[in-house]
Each structure stands twice: as C-alpha cells, then as structure tokens.
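Residues per chain, in single letters:
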Amino acid sequence: MLERMSTFFNKSKTQSNPTVVSRENHSLSFSLVSRDAIKVVQTLQKAGYEAYIVGGSVRDLLLGLSPKDFDVATNALPSEVKALFRRSRIIGRRFQIVHVQFSREVIEVTTFRSNEKSNSDEQPKNTDSRQKTNSGLLTRDNVFGTLEEDAARRDLTVNALYYDPSEEIIYDFADGMKDIKNRVIRIIGNASTRYSEDPVRLLRVIRFSAKLDFTIETGTAKPIRKLSSDLRYISSPRLFDESLKLFMSGEGLSSYKLLKEYGLFEYLVPQAKNLVRNKSINADSLFEQAFLNTDNRIKSSQRVTPAFIYAALLWPSLVKLTEAFKEKGNSPSYSLNKAASEVISRQISITAIPKRFTIPMREIWDLQLQMPRRGGKRAERLSLHRRFRAGYDFILLREQAGENLDNLGEWWTLYQEASIEGREKMSQNVSKTSKRIVKNRKSKTKNAK
Ligand code: ATP
Ligand code: MG
C-alpha cells in the first residue's frame, strides 16, 4: 500500500509532498544498488546534507533492468560535495555537477535545481544563472532549489523517483510509481512548455518509450509533431550525443520508427528527407536494416560504431549526389569523393560527428566502389584494407535492404572462407568473366555501328 502524505496534486507541477513508498511496498532490491552510489549518499547524509539516488537507475531497477549509471541528487552545493570526496571534480558549464571517481565507475552528483527564478542566498554569484530566450528555450539552468523543485524540473514522472538507500524508501513526487506500473511515459508539467524549454526532451520521450517499451501518454505525445522543428535549437554536439543514445542503445529500430512517426527523424538527418526512391536504393529499408543489424550486434555484445550507422544514414544522399557529379562528366571516384565531402559537411552542421568517425565513414563508402572490382591481385589487396570488415558488412547491409549487387556479398563471404588456392581461383574467374563482359560489350557496340 502506498502511504499518501498529501492529496494535493497540481497537474502542471509535481506534488509538494511526495508519496512515500516504504521498503515492503516497492521492488527495488538494495543488493542491486551500486555500493559506490550508496557510499556517496551516506557520506553526504553523515555530513548533514540530504541525498538520494535518482533518475534512470531507480527507474531501471524498479523495472528489473540493470542501470547504465547511478546519479545522486543532494542539497549540498557543488563545492561542498567536492570538499567531501578526495577523488572528485566539478564539471560542466550549463549544469555544474560533481563527478566522484571510484575504481569501477563515476557517480554523478547533482545539486537540487529549480525551475523557477529564486531569491535564495545560496544561488551562484552570477545573477543571470537562469535565462530564457523568446521561444522559451533555457540557455542557462543553474538555479539551485529544494528537493520538491528538483523533482518538478525533471523531465518524466518515471525519472523523478528519489531513493534513500539508508531507509530503503522511495519518494515519488509525480506519480512515477503508477506510471512505471502502467508502463507510461508522461512528461512532468505542461508538455509544450517543457519541450520549448529544452527540445532534447522531445527526443528523450521517444528514447525512453522505445527503450522501455512504454506507451506515450496522450498529453505528452500531442505537441511533439508541432514542436519537432525546435530540434534546430539544439547545439550540434548535443544533438549528436542524443542521436547516438537513440541509435546505439539496443533499441535503434523502434526508436527510428517512433522518430519517423512523430516527424522528428527529418531533423536528425535532414538530407534523407524526400529522397527519391529509385529502384536500386530504398532509404527507408536501408535505415531499418541498419538499425536492426545494430540492435542485433548489441544484443550479442559485438562492437558497434557511429561511423557505420552514419555511413548508412547518409548513403542514399551520397549515392544521389555522386550520380549528379558523374552526370557532369566526372570520374566515379572523383564524384564519390566530392559527394562524400558535401554530404558530411551538411550533416555535421546538424550533428557534430567527430573526425574519428567521418574518416572511417569515407573509407566504408570508398570500399563500396572498390569491392566490386576484385579481379587479379585486387581482391587480396582489398581484403587487407583496414576497413575491409566494415566495407564487407556494408555490402551485406545493402543487399539485405533489397539492393541487387549480383551476389557480391556472397562472393566476398566465400572468398574469406576459401583457402589460398581457392582465393586465387576466385580472382582469376572474376578476371575472366569481366574480360568476357568487356569483350561482349565491345563486339555489341561494333555490331551496332
Ligand atoms: P539513462 O542514463 O538510462 O539514459 P537517465 O534517466 O538516467 O537515463 P540521464 O541523461 O542520465 O538519463 O539523466 C539523469 C536524470 O536527469 C533523468 O532521469 C532526469 O530526471 C534528469 N534529466 C536529464 N535530462 C533532462 C532534461 N533534458 N530535462 C529534464 N530533466 C532531465
Ligand atoms: Mg543516467
């Protein structure tokens, strides 16, 4: 039974008094909570501060999932937290938080924040600590607040649960326990206002709905489409980080489907919008297949890289632009190179893909041009290319998505499995076949004349 301390509930805010859920009434197992997070909370409590484990870890533990990380919220100021832990440092400009380093993990400690302008003496010296633009976008958000205020400024009801490991009690300010039980994603407060303050929340709603397989509550879902273009206010590094969380968390395919459904995907990869579905390339099935393969790799603990995903997401745009350059009389490799630069530079203004990923992306693309030409010594040389594996996987991906490449993927599969002699034979056969094709072509043109 939940013990309701107050019946007061304002729909646009969180409750001023939380529902207190005692140990017997919740399924959060103390033994699964990080020892380091408990240590941080108890050190803060011993020093006279309030401290709780909060956010995704409480939510995930209640759902029987293993949390990615543990966050702690406290009324101690960043400098006060830092003073208590030897191996800690203050990071961040937009949000000042403290990272407490342990041998196996980092515990992120956040000081309670408020959504309102506050007159408290404890505010940072900078009086402009909270600013909004005309569109309602928050540009700085470092106003410290109370526990209740901290709960109100969190994004989702299921993310606003506070766990006190000393008492094994959960404090629920926004009926998050009920939403966890009913598997519902619900934003705290007025949805449009909360999205306008920080458009990343549009993506977070999608991400958690996909990750947890929760339905999005009607009021939370309704404004998403209308506000989707607000994603352009998010800085390109932040949008890149957030995109990776959507694409590489194991639920990429369902995230992609939801992003499309709510009109958000086109703001993450604008070039892919309205792509002509020519007969050899179907952007949508390529993307679905790329996400499906990524999800499967994650499930079987294989490595995944943003380079491969973005190589796929930009491939249809690349093919289209390469064709345009070729039509102007440029060589295939020059055209591909020019198109690659252009496609990447358009994308990085939206999501700041670091160079360490754009370089392998270009190599994967380049291999798509090289790998069909595998006669003579070329196959062996290509198989030693440092990006060969990704290039080969990309060929398979294109074929899985329905592109006809004359069984090129299968050829390369057999080539890799073959003995040295077998490989040589395969290459010779390719050389013979391609010579025959060239010969046939030549005689056809002769006859035509
Ligand atoms: P996970 O770590 O599994 O991705 P999480 O819920 O812990 O999920 P974090 O990004 O680690 O997500 O954020 C921790 C908590 O901070 C969230 O649970 C939420 O309460 C709050 N939070 C994060 N981002 C926002 C935001 N943009 N607006 C409001 N609250 C946020
Ligand atoms: Mg987290």
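What counts, and where the lines are drawn
Residues numbered from 1 in each chain as written. Chains lettered and ligands numbered in written order. Predicted model: local features only at pLDDT ≥ 70, side-chain atom pairs only at ≥ 80, totals over all residues. Heavy atoms only, no water. Near = heavy atom within 4 Å. Polar contact = N/O pair within 3.5 Å; in protein donor to acceptor, adjacent residues only side chain to side chain. Areas by Shrake-Rupley, 256 points an atom, 1.4 Å probe, with all protein chains shown as cover. Helix = DSSP H or I, 4+ residues; strand = E, 2+ residues; numbered from the N terminus. Phe/Tyr/Trp six-rings, centres within 6.5 Å; stacked < 30°, edge-to-face > 60°. Buried < 20%, exposed > 50% of the residue type's maximum accessible area, 1.4 Å probe, protein only. Expected span 1.5 Å × (residues − 1). Contact = heavy atoms within 4.5 Å. Core = buried A, V, L, I, M, F, W, Y, C linked by side-chain atoms within 4.5 Å. Domains from an automatic or database assignment. Axes fitted to C-alpha atoms, helices over the stretch in contact; angles between N-to-C directions. Parallel < 35°, antiparallel > 145°, perpendicular 65-115°, else oblique. Nonpolar A, V, L, I, M, F, W, Y, C, P; charged D, E, K, R; others polar. Salt bridge = Lys/Arg side-chain N within 4 Å of Asp/Glu carboxyl O.

All right, on to the site of ligand 1 then. Within the structure, ligand 1 sits among 17 residues, and Arg59, Lys68, Asp198, Arg201 and Arg207 are positioned closest to it. With respect to ligand 1, the backbone of Asn159 contributes an N or O atom lying 3.1 Å from an oxygen atom. Here Lys211 contributes a side-chain N or O atom positioned 3.4 Å from an oxygen atom of ligand 1. Protein chains shield 87% of the accessible area of ligand 1, which is 590 Å² for the free molecule. Listed by contribution, the elements that provide at least two residues to the shell around ligand 1 are α2 (56-62) and α7 (200-212).

Between two aromatic rings, the relevant description is the distance of the centres plus the angle of the planes. Per the counting criterion, the structure on display carries 19 aromatic pairs. Judged by centre distance (5.6 Å) and plane angle (75 degrees), the ring pair of Tyr52 and Tyr171 falls under edge-to-face. Of this pair, Tyr52 sits in strand β3 (residues 51-54) while Tyr171 sits in strand β11 (residues 169-172), and the two are 119 residues apart along the sequence. The pair Tyr52 / Tyr171 is uniform in exposure class, with both members buried. Ring centres of Phe247 and Phe291 lie 5.0 Å apart, and the angle between their planes is 45 degrees; on these two criteria the pair is classed as tilted. Of this pair, Phe247 sits in helix α10 (residues 236-247) while Phe291 sits in helix α13 (residues 283-299), and the two are 44 residues apart along the sequence. You'll find Phe247 and Phe291 in the same group, each marked buried. Taken together, the ring pairs in this structure connect Phe240, Phe247, Tyr256, Phe265, Phe287, Phe291, Tyr310 and Phe357 into an aromatic cluster.

We now examine helix α18 (residues 388-400). Given 3.6 residues to a turn, an α-helix orients residues that are three or four positions apart in the same direction. Taking 1.5 Å per residue as the helical rise, α18 with its 13 residues ought to reach 18 Å, and the 18 Å between its terminal C-alpha atoms agrees with that figure. By the burial criterion, the buried members of α18 are Phe388, Ala390, Gly391, Tyr392, Asp393, Phe394, Ile395, Leu397 and Arg398. Elements that come into contact with the buried residues of α18 comprise α13, α14 (306-327), α16 (355-370), α17 (378-383) and α19 (408-417). One or two residues past the end of α18 sits Gly402, with phi positive at roughly 110 degrees.

Now for the nonpolar core. Core analysis: the largest hydrophobic core is formed by 97 residues, its most contacted members being Phe247 and Trp365. It is α14 that contributes the most residues to this core, 13 residues altogether. Each of two domains, domain 1 (1-182) and domain 2 (274-448), supplies a minimum of three residues to this core. Once you skip the residues sitting within four places of it in the chain, Trp365 turns out to touch Tyr310, Ala311, Leu314, Trp315, Leu318, Leu336, Ala340, Val343, Ile344 and Phe394.

For the rest of this paragraph, the subject is the environment of Val20. Here Val20 lies in strand β2 (residues 19-21). In this structure Val20 comes out as buried when scored by relative accessible area, which is 12%. Val20 sits 151 residues away from Tyr171 along the chain, and the two C-alpha atoms are 4.9 Å apart.

Another aspect to go through is the packing of α7 against α10. The contact between α7 and α10 brings their axes to 10 Å, and the two run at 10 degrees. On the basis of their axis angle, the class for α7 and α10 is roughly parallel. Together, Val200, Leu203, Arg204, Ile206 and Arg207 of α7 and Arg238, Leu239, Glu242, Lys245 and Leu246 of α10 make up the contact between the two elements. In terms of residue class, the contact of α7 with α10 is built from five nonpolar, no polar and five charged.

Let us look at the pattern of salt bridges. According to the stated counting rule, one finds 23 salt bridges in the structure shown. The partner of Arg204 in a salt bridge is Asp155, with the nearest N and O atoms 2.5 Å apart. With Arg204 in helix α7 and Asp155 in the loop between α4 (147-153) and β10 (161-164), the pair connects residues that are 49 residues apart, well separated along the chain. Residue classification places Asp155 among the buried positions, given a relative accessible area of 8%. Taken together, the shared-partner salt bridges in this structure form one network comprising Arg59, Asp60 and Lys211.

Take the packing of helix α11 (residues 252-261) against α13 next. Following both chains from N to C, one finds α11 and α13 inclined at 145 degrees, their axes separated by 7 Å at the closest point. Where α11 approaches α13, its residues Gly252, Leu253, Tyr256, Lys257 and Lys260 are matched on the opposing element by Asp284, Phe287, Glu288, Phe291, Leu292 and Asp295. When the residues that make up the contact of α11 with α13 are grouped by side-chain class, the tally is five nonpolar, one polar and five charged.

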